[in-house]
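Structure at a glance
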Amino acid sequence: MVYSILRCPVCNSEYDINRSSYLCDKCGNILDIIQNDLDSFELSNYDGVWKYKNLIHPGIDKKYIVTKREGNTNLYKNFKISDYSGIENIFLKHEGENPTGSFKDRGMTVAVSEAMRLGFKKTLCASTGNTSAAAASYSSFAGINSYVLIPEGRISKNKLFQAIAYGANIVNINGDFDTAMANVRETLKKRDDFYVLNSLNPWRIEGQKTIIFEIMEKLEPDFISFPAGNLGNTSAFGKALMELKSMDKIKNVPKLIAIQAEGASPFYDYINGKMDKIVPVKAETIASAIRIGNPVNFKKAKRSIEFTKGIVEKVSDREIIEAKRIIDGSGIGCEPASAASLAGVKKLRDSNVIGKSDTVASILTGNILKDLDMDLKYNAMNMEDVLF
Ligand code: F0G
């Protein structure tokens, strides 16, 4: 039985999964994983991401699976979040609770397991920080060498610390994330000994689908919001919903809301400006995780927005900071980029696109300890202020 194949979403060319190039030989677009047997789906007896093994990598032998029990994250409801957004039924899905502190672990467990299955000894990625932390951790856990390309001086120290400590080979790139990503793509053209761990690897997308599977088991949301940068999540979430719908597991398809930072919003312009291609921008925002001006997954992401009749919104750095203060002050906490998720929902509620009785799931993509640059400028009090 062939459980999974690779297929080009643009020209429909098909390939078997025993190759490690994820670009279509005919048209160059990024391939999808197609699961051949969704109908006989059953849950496996793993916890977290691999509970959905039959929907993400049904054919892989257990002996290759590299897992640190990612997934199964909490869904929080808190009155401060409801008051701020003006939505009673808003839930925060906290992906910062994953082993390396971000949603990337869900995709990484699947992609690094596949690297093991294919017999790779080296992995490669470009990153704004979280991908590199997850790639370094999972690669080292599996006994593989990781190489991470980072925009020098432009990622959070905490994330860089993780990548170094987990044992990655750090390659400084004189430029931004988009330059680093372009370098990865160049390297892949010339070398076949590196296994790519960016979200142009479709196995990453398969793992990230499980965020949606978990939400849809607990809620029937009208909207699902999340911060959007390289558009891996946007791609994964739409694919998850298409599959759940095709299996008849859900009645209504929630609308996806992809939120970009104003200074890094080429996908917003592409969708809302009805352009036929994405126009790269020089990205600038305080939310370094989503400081991306040339997202690789824009075609699959567009399909997700179309399928769910979704929305692409943008928010200012000010709105991101304000939403972060509310999330942190509610005791939940997240990194700056994650707060775009709530900032965008508030903006759409204020303009009545989201109704006050709608149910909303907002995804917090990273942990509060991930990016401290912004948080260390606080107003400390003296002992006298507290006691007297
Ligand atoms: N939120 C956080 C905390 C992220 O680290 C990222 C992406 C995103 C949101 C955007 O997700 O790319 O799927 O649209 N970080 C990548 C990295 C690019 O290198 O860590 P996306």
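For clarity, every value in this text was computed on a predicted model and none was experimentally measured. (Residues numbered from 1 in each chain as written. Predicted model: local features only at pLDDT ≥ 70, side-chain atom pairs only at ≥ 80, totals over all residues. Heavy atoms only, no water.)

A closer look at the overall build of the chain
When you go through the chain residue by residue, the secondary structure sums to 13 helices and 13 strands. Against the globule reference of 21 Å for 388 residues, the chain gives a C-alpha radius of gyration of 20 Å, in line with a compact fold. A principal-axis box enclosing the C-alpha atoms of the chain has dimensions of 70 × 45 × 45 Å. Across the chain, every contact between residues at least 6 apart in sequence was considered, and the portion connecting residues at least 24 apart equals 71%. By element, 49% of the accessible surface of the chain is carried by carbon and sulfur atoms, the whole surface being about 16,300 Å². (Helix = DSSP H or I, 4+ residues; strand = E, 2+ residues; numbered from the N terminus. Rg over C-alpha atoms; globule rule 2.2 N^0.38 Å. Contact = heavy atoms within 4.5 Å. Areas by Shrake-Rupley, 256 points an atom, 1.4 Å probe, with all protein chains shown as cover.)

Quick notes on empty space enclosed by the protein
On inspection of all chains with the given rule, the structure shows 2 cavities of 30 Å³ or more. The calculated volume of the largest cavity comes to roughly 290 Å³. Phe103, Lys104, Gly229, Asn230 and Ala289 are the residues nearest the centre of the largest cavity, which is lined by 24 residues in total. Counting only elements with at least two residues in the lining of the largest cavity, the list comes to helix 4 (130-142), helix 7 (202-218) and helix 8 (232-246). Residue contributions to the lining of the largest cavity peak at 3 residues, all from helix 8. Split into classes, the residues belonging to the lining of the largest cavity amount to 9 nonpolar, 13 polar and 2 charged. Its boundaries defined by the atoms lining it, the second largest cavity holds a volume of some 50 Å³. (1 Å grid on protein atoms, 1.4 Å probe; cavity = no way out; pocket = protein on both sides within 12 Å on 5 of 7 lines; lining within 4 Å. Points joined across faces, edges and corners; volume = space filled by probe spheres on them. Nonpolar A, V, L, I, M, F, W, Y, C, P; charged D, E, K, R; others polar.)

What to know about the pairing of strand 13 (residues 360-364)
Among the 5 residues of strand 13, 5 are classified as buried, and the element is accordingly described as predominantly covered. Of the two faces of strand 13, the one holding Val360, Ser362 and Leu364 and the one holding Ala361 and Ile363 are both buried throughout. Pairing of strand 5 (residues 90-94) with strand 13, which is carried by 5 bridges, proceeds in the parallel orientation. In the strand pairing of strand 13, Leu92 is matched with Ser362. Here strand 10 (residues 223-227) pairs with strand 13 via 3 bridges, running parallel. Along strand 13, the bridge assignment pairs Ile224 with Ala361. (Buried < 20%, exposed > 50% of the residue type's maximum accessible area, 1.4 Å probe, protein only. Pairing = 2+ DSSP bridges.)

With respect to the sheet that holds strand 8 (residues 169-173)
Pairing in this open sheet of 4 strands is parallel, and the strands run 8-7-6-9 from one edge to the other. Each having just a single partner strand, strand 8 and strand 9 (195-196) make up the two edges of the open sheet.

A look at the packing of helix 3 (residues 104-118) against helix 4
Two numbers describe a pair of packed helices, the interaxial angle and the distance between the axes. Close contact between helix 3 and helix 4 brings their axes to 9 Å; oriented N to C, the two are set at 40 degrees. The orientation of helix 3 relative to helix 4 falls into the category oblique. Here helix 3 and helix 4 pass one another in a crossing that is right-handed. Touching Lys104, Asp105, Met108, Thr109, Val112 and Met116 of helix 3 are Asn130, Thr131, Ala134, Ala135, Tyr138, Ser139 and Ala142, all from helix 4. Residue composition of the contact of helix 3 with helix 4, grouped by class: 7 nonpolar, 4 polar and 2 charged. (Axes fitted to C-alpha atoms, helices over the stretch in contact; angles between N-to-C directions. Parallel < 35°, antiparallel > 145°, perpendicular 65-115°, else oblique. Left-handed = near helix turned anticlockwise from the far one by under 90°.)

Structural notes on the confidence of the model for the chain
The share of residues in the chain with pLDDT of 70 or more is 97%, and the mean pLDDT across the chain is 96. Here helix 13 (residues 383-387) is the element of the chain with the lowest mean pLDDT, 71, and strand 10 is the one with the highest, 99. (pLDDT = per-residue confidence, 0-100.)

Some words on the site of the ligand
Neighbouring residues of the ligand: 19 residues in total, closest Ser127, Thr128, Thr131, Gly229 and Thr365. Between the ligand and Gly229 there is a distance of 2.7 Å, counted from an oxygen atom to a backbone nitrogen or oxygen. Leu231 places a main-chain nitrogen or oxygen 2.8 Å from an oxygen atom of the ligand. A total of 470 Å² of accessible area belongs to the ligand in isolation, and the protein chains cover 99% of it. Taking a 2 Å distance to the grid points as the criterion, the majority of the atoms of the ligand fall inside the largest cavity. Within the residue set of the shell around the ligand, elements represented by two or more residues are helix 4 and helix 8. Residue composition of the shell around the ligand, grouped by class: 7 nonpolar, 10 polar and 2 charged. (Near = heavy atom within 4 Å. Polar contact = N/O pair within 3.5 Å; in protein donor to acceptor, adjacent residues only side chain to side chain. Sits in = over half its atoms within 2 Å of the grid points.)

Regarding helix 8
In an α-helix, one full turn covers 3.6 residues, which means residues spaced three or four apart are oriented alike. Given a rise of 1.5 Å per residue, 15 residues ought to cover 21 Å, and the 21 Å separating the end C-alpha atoms of helix 8 matches this to within 8%. For helix 8, the buried fraction is high: 12 of the 15 residues fall into the buried class. Residues Gly232, Asn233, Thr234, Ser235, Ala236, Phe237, Gly238, Lys239, Ala240, Leu241, Glu243 and Leu244 constitute the buried set of helix 8. Trailing helix 8 by a residue or two, Asp248 shows a phi angle of about 65 degrees, which is positive. (Expected span 1.5 Å × (residues − 1).)

Some remarks on the environment of Lys324
Of note, Lys324 is situated in helix 11 (residues 317-329). Reaching out from Lys324, the side chain makes a polar contact with the backbone oxygen of Cys334 at a distance of 2.8 Å.

Focus: the pattern of salt bridges
Overall, the coordinates contain 27 salt bridges when judged by the stated rule. Its salt-bridge partner being Lys209, residue Glu206 comes within 2.6 Å of it at the nearest N-O pair. Of this pair, Glu206 and Lys209 both sit in helix 7, separated by 3 residues, roughly a single helical turn. The pair formed by Glu206 and Lys209 is uniform in burial state, with each residue classed as buried. Here Glu243 ties to Lys209 by a salt bridge, and the two come within 2.6 Å at their closest N and O atoms. One end of the pair, Glu243, is in helix 8; the other, Lys209, is in helix 7, with 34 residues separating them in the sequence. By relative accessible area, which is 7% here, Glu243 ends up buried. (Salt bridge = Lys/Arg side-chain N within 4 Å of Asp/Glu carboxyl O.)

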